[in-house]
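Notes for the structure review
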Amino acid sequence: MSELSEMSKIELSIEAANEKIHLAKCLNKLMDNPEFQELIVDGYLKKDAVRLVKLKASPNITNNANASAYLEGQLNAIAYLNQHFINIETEAAMAQKALEDAEAERDALYSEEN
């Protein structure tokens, strides 16, 4: 009975790892898309970030708490999206290793059964 629950845990681990790897593959497809590059990577994550930083230095903004807070929120949104992309890549790399380990463990359990 414990072997079955151990096998179930391994299968769940494999499934979770595959989901993270799939997300990274989706992200890679997006990153390879020229429109995504233009709109999100170059447009939003780079050019818009620079524009917002320049605006933040403007005296009209620094003297206006609402405008300053708005810009800070916009900059945070850019940072959060970029961090989300980084997290997907990092988690997928860790999931790849976990997947290999789980598959080896699953194969070992199958061998013990036979």
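Calculation rules
- Residues numbered from 1 in each chain as written.
- Predicted model: local features only at pLDDT ≥ 70, side-chain atom pairs only at ≥ 80, totals over all residues.
- Heavy atoms only, no water.
- Salt bridge = Lys/Arg side-chain N within 4 Å of Asp/Glu carboxyl O.
- Helix = DSSP H or I, 4+ residues; strand = E, 2+ residues; numbered from the N terminus.
- Buried < 20%, exposed > 50% of the residue type's maximum accessible area, 1.4 Å probe, protein only.
- Core = buried A, V, L, I, M, F, W, Y, C linked by side-chain atoms within 4.5 Å.
- Contact = heavy atoms within 4.5 Å.
- Expected span 1.5 Å × (residues − 1).

Now for the pattern of salt bridges. This structure, assessed with the given rule, holds 7 salt bridges. Where D48 meets R51, a salt bridge forms, and the shortest distance between an N and an O atom there is 2.8 Å. Pair noted here: D48 and R51 are both in helix α2 (residues 34-56), with a separation of 3 residues, about one helical turn. Between K56 and E72 there is a salt bridge, with its nearest N and O atoms 2.1 Å apart. Of this pair, K56 sits in helix α2 while E72 sits in helix α4 (residues 65-113), and the two are 16 residues apart along the sequence. Residue K56 is classed as partly exposed on the basis of its relative accessible area of 30%. Counted as one network, the salt bridges with shared partners bring together E11, R106 and D107.

Time to look at the environment of E100. Turning to its location among the elements, E100 is positioned in helix α4. Take E100: its relative accessible area is 44%, and that puts it in the partly exposed class. In this structure, the C-alpha to C-alpha distance between E100 and H84, residues 16 residues apart in sequence, is 24 Å.

With that settled, the discussion passes to the nonpolar core. Residues F36, I40, L45, L52, I78 and F85 are the most contacted members of the largest nonpolar core, which totals 16 residues. Going through the elements one at a time, α1 (2-32), α2 and α4 are the ones with two or more residues in this core. Top contributing element to this core by residue count: α4, with 7 residues. Apart from residues no more than four positions distant in its own chain, L45 is found in contact with I40, I78, L81, N82 and F85. Listed in part, the 9 residues of the second largest apolar core include M7, A17, A95 and A102.

Residues spaced three or four apart along an α-helix point in a common direction, a consequence of the helix completing one turn every 3.6 residues. Taking 1.5 Å as the rise per residue, α4 with 49 residues should run 72 Å; its terminal C-alpha atoms sit 68 Å apart, in good agreement. By the burial criterion, the buried members of α4 are A67, L71, L75, I78, F85, I88, A92, A95, L99, A102, R106 and L109.

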